[in-house]
Amino acid sequence: MQLELFIRTHGEELLRLAYTYVKSQEVAEDIVQDVLLKAFEAQQQFRGESSYRTYLYRLTINRSYDYLRSWSYKNTVLTNKIQKIFNGSKSAEQQVMELSENNMLGRAVFELPVKYREVIIFYYYKELKIEEIAALLSVSDNTIKTRLRRAREKLKIKLEGSDLDEGQSIEKGYR
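Computed from a predicted model, the values in this text were never measured in an experiment. (Residues numbered from 1 in each chain as written. Predicted model: local features only at pLDDT ≥ 70, side-chain atom pairs only at ≥ 80, totals over all residues. Heavy atoms only, no water.)

S.K.: Just give me the short version of helix H9 (residues 141-159), but keep the residues and values in it.
M.R.: Over its 19 residues, H9 runs 27 Å from end to end, which matches the ideal 27 Å to within 8%, given 1.5 Å per residue. Restricting attention to buried positions, one finds in H9 the residues Ile144, Arg147, Leu148, Ala151, Leu155 and Leu159. For H9, the arc enclosing every buried residue in end-on projection is 105°, short of the 170-degree limit, so these residues lie on one face. More than 90 degrees from the buried face of H9, the exposed residues found are Asn142, Lys156 and Ile157. (Helix = DSSP H or I, 4+ residues; strand = E, 2+ residues; numbered from the N terminus. Expected span 1.5 Å × (residues − 1). Buried < 20%, exposed > 50% of the residue type's maximum accessible area, 1.4 Å probe, protein only. Arc of directions from axis to C-beta.)

S.K.: An account of empty space enclosed by the protein is requested, with residue identities and associated values reported.
M.R.: The tally for this structure, following the rule as stated, stands at 1 cavity of 30 Å³ or more. Lining the largest cavity are His10, Glu13, Leu14, Arg53, Leu56 and Tyr57. Elements with a minimum of two residues in the lining of the largest cavity: helix H1 (3-22) and helix H3 (52-69). A class-by-class count of the residues in the lining of the largest cavity yields 3 nonpolar, 1 polar and 2 charged. (1 Å grid on protein atoms, 1.4 Å probe; cavity = no way out; pocket = protein on both sides within 12 Å on 5 of 7 lines; lining within 4 Å. Points joined across faces, edges and corners; volume = space filled by probe spheres on them. Nonpolar A, V, L, I, M, F, W, Y, C, P; charged D, E, K, R; others polar.)

S.K.: Could you give an account of the packing of helix H7 (residues 114-125) against H9, with specific residues and numbers?
M.R.: Here H7 crosses H9 at 100°, and the two axes come no closer than 9 Å. Judged by the angle between their axes, H7 and H9 are roughly perpendicular. Between H7 and H9, the residues in contact are Lys115, Tyr116, Glu118, Val119, Ile120, Tyr123 and Tyr124 and Ile144, Arg147, Leu148, Arg150, Ala151, Arg152, Lys154 and Leu155, respectively. Considered class by class, the residues forming the contact of H7 with H9 number 9 nonpolar, no polar and 6 charged. (Axes fitted to C-alpha atoms, helices over the stretch in contact; angles between N-to-C directions. Parallel < 35°, antiparallel > 145°, perpendicular 65-115°, else oblique. Contact = heavy atoms within 4.5 Å.)

S.K.: Which residues make up the nonpolar core, and what are the values?
M.R.: In this structure, Val22, Ile120, Phe122 and Ile133 are the most contacted members of the largest nonpolar core, which totals 42 residues. The contacts of Val22, once residues within four sequence positions are left out, are Val27, Ala28, Ile31, Ser64, Tyr67 and Leu68. (Core = buried A, V, L, I, M, F, W, Y, C linked by side-chain atoms within 4.5 Å.)

S.K.: Account for the environment of Leu159, naming residues and giving values.
M.R.: You can see Leu159 is positioned in helix H9. Judged by relative accessible area, Leu159 falls into the buried class, the value being 12%. Note: C-alpha distance between Leu159 and Ala108 (51 residues apart in sequence) is 7.4 Å.

Read these as spatial facts, not as claims about activity.
Written out as structure tokens, the structure is:
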């Protein structure tokens, strides 16, 4: 498979996945570029113990976690907090996210801790089965079920009293 076709086939989906972890388009692009290049170069070494999609997800998640543990990320977060204290204004990204109900739901998902956010995204956005998510994250099915239940509870609490229509459920917003 040619590199260009490989990137077109997997790039956008991995970019959305990386963004859910790092919350920065530029960093997500860097992560996906790194993952796709390494995966393309090592295609012949893929053992086939899982689907190739799951393999790419795992690489992207691991690379995202590496970034979140890095000094660069921690320094950026600290700098942004200091700027917010002095500026007191919302970023353009925050203002755009507040424009619609779906964005309100999306913002609530992004505020969840990573272990809850990832199961919501895999289950509702990527439409993976519980068994697939468990294999992807290297945890038991029951752990995924528990995290999914707790994530829904946390979202319900976050969204109570918001302007979200009563008829729109969490599941409806993500299916």
